[in-house]
Amino acid sequence: MKTISKLIFLTLLVVSFSINKVVAQADRDSSTTFFYIITNSGGEFIGTIISQNAKEVLINTRDRGQVSIPKYEIKEMKEVNPNEMTIKGNYIPEEVFSTRYFITTNALPIKKGENYVLWSLYGPEVQFGVGENLGLGIMTSWVGMPVIGTAKYSIKLTETTSVGVGTLLGTGSWAAPDVAIALPFGALTIGNRRANINFSGGYGVVAYDNKSEGKALFSVAGMAKIGKKVSIVFDSFIVPNIFYSTYIYDNITNTSTVVTKRSPLIVFLPGIRVQGNNNSAFQFGFAGAYGNGEMVPIPIPMLQWFRKF
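Reading guide: rules and limits
Residues numbered from 1 in each chain as written. Predicted model: local features only at pLDDT ≥ 70, side-chain atom pairs only at ≥ 80, totals over all residues. Heavy atoms only, no water. Helix = DSSP H or I, 4+ residues; strand = E, 2+ residues; numbered from the N terminus. Contact = heavy atoms within 4.5 Å. Areas by Shrake-Rupley, 256 points an atom, 1.4 Å probe, with all protein chains shown as cover. 1 Å grid on protein atoms, 1.4 Å probe; cavity = no way out; pocket = protein on both sides within 12 Å on 5 of 7 lines; lining within 4 Å. Points joined across faces, edges and corners; volume = space filled by probe spheres on them. Nonpolar A, V, L, I, M, F, W, Y, C, P; charged D, E, K, R; others polar. Phe/Tyr/Trp six-rings, centres within 6.5 Å; stacked < 30°, edge-to-face > 60°. Buried < 20%, exposed > 50% of the residue type's maximum accessible area, 1.4 Å probe, protein only. Salt bridge = Lys/Arg side-chain N within 4 Å of Asp/Glu carboxyl O. Pairing = 2+ DSSP bridges. pLDDT = per-residue confidence, 0-100. Axes fitted to C-alpha atoms, helices over the stretch in contact; angles between N-to-C directions.

On to the overall build of the chain, then. Broken down by element type, the chain carries one helix and 17 strands. Within the chain, contacts between residues at least 6 apart in sequence are counted, and of these 48% link residues at least 24 apart. Accessible area for the chain stands at about 16700 Å²; split by element, carbon and sulfur atoms hold 62% of it.

This is how it looks when you write it as structure tokens:
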């Protein structure tokens, strides 16, 4: 478990370092306009446009100086902000599925019209960007139980800070139609779609047989792009107050005593996300859990596939 603890620490360290760079880059002078050009042959150029006409674009790059690119060779040309670049001037594209970690979501909105499906070992999930700041979705297991609807509304406070409120509402469906599930939550995200850290909390309730049980739930999560197609992802799920029962056997009296104590339950998920193209990504990681003073590995890997549609 020491290896897992070191991996978690390293993941959070990389995410925090990336957040610091994001905030620092957001404060840089934005008076200079930069452009990112991709050619038909796969060449990439980033810099300032010196001049352009019907035949060519003359761009001033940091690493190659002035480059003249014929217009017919340009596949894509778009303006980029200084906070989309490293200090050395390299362009880092946005994380395509930046609103999601392994389990939890953050306060960043799904862009309007950018819908995606998430396949995992446990079941499918579909998310829809129905508005500029509103996302709706539905998730279930491979046996169709439970069925849970999701909703999230995002509010951008600053360039690097967003808040979101949402809820999960569901039912046990065909297997347990009398079971109802609810989880209202709030989230605070610091960073952007390239690197962010998220703090969220909510209250989960399960109702059945005219009674209900509820628990406060919290999460700390984050992600950071470490390359054009690779991101480090960390997620966690925290239940602060769980009752644990321990049996203590007395060899002298040959009796057992039950000792009950409270302890948090923490599930943590460090992993890697690899982007295939602008419409898909694959994510994998290994989970562990801490509870009752012990850390236990969860041997089943988390495997997830994202795809836009």
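Here we take up the layout of surface pockets. The space that makes up the second largest pocket amounts to roughly 1000 Å³. Contributing to the lining of the second largest pocket are 43 residues, with Pro93, Glu94, Glu95, Lys111 and Arg194 lying nearest its centre. By residue number, the principal contributor to the lining of the second largest pocket is strand 5 (residues 74-80), which donates four residues. Partitioned by chemical class, the residues of the lining of the second largest pocket number 12 nonpolar, 15 polar and 16 charged.

Below, the discussion takes up the packing of aromatic side chains. Taken as a whole, this structure holds seven aromatic pairs when the rule is applied. Between Phe97 and Tyr116, the aromatic rings sit 5.5 Å apart at their centres with planes inclined by 70°, giving edge-to-face as the arrangement. With a gap of 19 residues between them, Phe97 in the loop between strand 5 and strand 6 (116-120) and Tyr116 in strand 6 connect regions that are remote in the sequence. Tyr116 carries the same exposure label as Phe97, and that label is buried. Considering the side-chain rings of Phe282 and Trp305, the 5.4 Å spacing of their centres and the 45° angle between planes classify their relative orientation as tilted.

Moving on: the pattern of salt bridges. A full pass over the atoms with the stated rule returns seven salt bridges. When the shortest N-O distance is used, the salt bridge between Glu94 and Lys111 registers 3.0 Å. Residue Glu94 is found in the loop between strand 5 and strand 6, and its partner Lys111 is found in the loop between strand 5 and strand 6; the two are separated by 17 residues along the sequence. For Glu94, a relative accessible area of 27% corresponds to the partly exposed category. Here Lys308 and Glu114 are joined by a salt bridge, their closest N and O atoms 3.3 Å apart. Residue Lys308 is located in strand 17 (residues 294-308), and its partner Glu114 is located in the loop between strand 5 and strand 6; the two are separated by 194 residues in the primary sequence. A relative accessible area of 23% means that Lys308 is categorised as partly exposed. Assessed through its relative accessible area of 30%, Glu114 is described here as partly exposed.

In this section: the pairing of strand 12 (residues 195-208). Where strand 11 (residues 176-191) lies against strand 12, 10 bridges are found, and the strand directions are antiparallel. Along strand 12, the bridge assignment pairs Leu188 with Phe199. Between strand 11 and strand 12, which pair antiparallel and follow one another directly, the connecting turn spans three residues. When strand 12 meets strand 13 (residues 211-225), the two strands line up antiparallel, connected through 14 bridges. Residue Ser200 lies in a different strand from strand 13, and its bridge partner there is Ser219.

Of the residues in the chain, 85% have a pLDDT of 70 or more, and the chain-wide mean is 86. Across residues 25-30, where pLDDT falls below 50, the model places 14 contacts with residues more than four positions away in sequence or in other chains.

To continue, consider the sheet that holds strand 2 (residues 44-52). Pairing within the open sheet is antiparallel, and its five strands lie in the order 4-3-2-1-5. In the strand order of this sheet, the two ends are held by strand 4 (65-70) and strand 5, each with one partner. With direction set aside, neighbouring strand axes in the sheet form an average angle of 40°. Bridge analysis of strand 1 (residues 34-39) against strand 2 gives four bridges, and the strand direction is antiparallel. Within strand 2, the residue paired with Tyr36 across the bridge is Ile46.

Before going further, it helps to examine the side chain of Thr104. Take Thr104: it is sitting in the loop between strand 5 and strand 6. A relative accessible area of 10% places Thr104 in the buried class. Residues within four places of Thr104 in sequence aside, it is in contact with Ser219, Ala221, Asp235 and Ser236.

Moving on to the environment of Lys75. You can see Lys75 is positioned in strand 5. C-alpha separation for the pair Lys75 and Ile37, spaced 38 residues apart in sequence, amounts to 7.6 Å. Once residues lying within four places of it in the same chain are set aside, the contact partners of Lys75 are Ile38, Thr39 and Asn40.

It is worth spelling out the environment of Ser280 at this point. Topologically, Ser280 is positioned in strand 16 (residues 280-291). Residue Ser280 is classed as buried on the basis of its relative accessible area, which comes to 14%. Remark: the alpha-carbon pair of Ser280 and Lys308, spanning 28 residues in sequence, is separated by 6.4 Å. Other than its neighbours up to four places away in sequence, Ser280 contacts Phe97, Gln275, Phe306 and Arg307.

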